[in-house]
Amino acid sequence: MDSHSHSIRDLFPDWQKSDPLTTLTKILQVAITITSADKGNVQVFNPLSRSLRIAVSEGFAKPFLQYFDEVNHQAAACGTAIKRLERVVVEDVRQSPIFVGTEALPVLIEAGVQAVQSTPLISKEQYVVGMISTHYQVPTLPTRDQLRLLDELAEIAAEFLVGKGQSLLAKG
């Protein structure tokens, strides 16, 4: 493990014992910082409904949170990332085939979102347990280094959700 992942893991010394929402909020804040984003959310995957549900968010108002509260495969970077089982980066939502001509685009524009990245949280057993998405007010492409650090954070978040995800779903 390199020094960056060690230092990221050090940010969560008692994560297995802490309140799940507090830990996810901290994970989200670290993701926003790593990617130099303006806002974001962490979603938990519900295997029964095969959907993502927002567990914590930062920077969003009610219309965005209501529209994206539960995402299957509809027009969303996170829904596309679930389908592909890989990160989706949208440099400009106004030009992306994921969003152009959909109901989601005006919701994003109203929320001040011009770009988004969604990174699946995948367990060691290779199943999706959640998603970290960070959002930007201007068209943006995260750097390779930012994405590498985000991948390290995603491993920590997935490990955490494997143990705590069902309790978060019960609260949703």
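Conventions used here
Residues numbered from 1 in each chain as written. Predicted model: local features only at pLDDT ≥ 70, side-chain atom pairs only at ≥ 80, totals over all residues. Heavy atoms only, no water. Helix = DSSP H or I, 4+ residues; strand = E, 2+ residues; numbered from the N terminus. Buried < 20%, exposed > 50% of the residue type's maximum accessible area, 1.4 Å probe, protein only. Contact = heavy atoms within 4.5 Å. Areas by Shrake-Rupley, 256 points an atom, 1.4 Å probe, with all protein chains shown as cover. Pairing = 2+ DSSP bridges. Axes fitted to C-alpha atoms, helices over the stretch in contact; angles between N-to-C directions. Salt bridge = Lys/Arg side-chain N within 4 Å of Asp/Glu carboxyl O. Phe/Tyr/Trp six-rings, centres within 6.5 Å; stacked < 30°, edge-to-face > 60°.

## With respect to the overall build of the protein chain
Looking only at helices and strands, one finds six helices and six strands in the protein chain. Scanning the protein chain from its N terminus toward the C terminus, one meets helices and strands in the order α-α-β-β-α-β-α-β-α-β-β-α. Every one of the 172 residues in the protein chain was classed for burial, and the buried ones make up 51%. Of the contacts made within the protein chain by residues no fewer than 6 positions apart, 59% connect residues no fewer than 24 positions apart. Of the roughly 8,600 Å² of accessible surface on the protein chain, 52% is carried by carbon and sulfur atoms.

## Focus: the environment of V90
By the secondary structure assignment, V90 is in strand β4 (residues 88-90). The exposure class of V90 is buried, given its relative accessible area of 5%. For the pair formed by V90 and A77, sequence separation is 13 residues and the distance between their alpha carbons is 7.3 Å. The residues touching V90, leaving out its near neighbours within four places in the chain, are A77, S96, I98, F99, A115, V116 and T140.

## Thoughts on the sheet that holds strand β3 (residues 70-71)
Strands sit in the order β3-β2-β1-β6-β5-β4 across an open sheet of six strands; the sheet is antiparallel. Across the chains shown, the open sheet's two edge strands, defined by having one partner strand only, are β3 and β4. Where strand β2 (residues 51-58) lies against β3, two bridges are found, and the strand directions are antiparallel. Within β3, the position partnered with R53 by the bridge is E70. Strands β1 (39-46), β2 and β6 (128-136) of the sheet are contacted by helix α2 (residues 20-35), whose axis makes an angle of about 75° with β2.

## What to know about the pattern of salt bridges
Charged atoms that come close allow side chains of opposite charge to pair. Taken as a whole and assessed by the stated rule, the structure comprises four salt bridges. The salt bridge involving D151 is made with R87; its shortest N-O contact spans 2.8 Å. In this pair, D151 sits in helix α6 (residues 144-171) while R87 sits in the loop between α4 (77-84) and β4, placing the two residues 64 residues apart along the sequence. Residue R87 is classed as partly exposed on the basis of its relative accessible area of 21%. E152 is the salt-bridge partner of R148, the closest N and O atoms lying 3.3 Å from each other. One end of the pair is R148 and the other is E152, both in helix α6 and four residues apart, which spans about a single turn. Given a relative accessible area of 31%, R148 falls into the partly exposed group. Connected through salt bridges with shared partners, the residues R53, D69 and E70 form a single ionic network.

## A closer look at α4
The periodicity of an α-helix, 3.6 residues per turn, causes residues three or four places apart in sequence to face the same way. Burial runs high along α4: six of the eight residues are buried. For α4, every residue scored as buried is listed here: A77, C78, G79, T80, A81 and I82. Packing partners of the buried residues in α4 comprise β1, β2, β3, β4, β5 (115-122) and β6. One or two steps after α4, the chain reaches L85, where phi turns positive at roughly 55°.

## Re the packing of aromatic side chains
All chains considered together, the criterion is met by three aromatic pairs. Consider the rings of F64 and F68, whose centres lie 4.7 Å apart with planes at 40°: the pair is tilted. Note on accessibility: F64 and F68 belong to one class, buried. Taken together, a centroid distance of 4.8 Å and an interplanar angle of 80° make the contact between Y67 and F68 edge-to-face. For F68, a relative accessible area of 5% puts it in the buried group. Pairwise contacts between aromatic rings join F60, F64, Y67 and F68 into one cluster.

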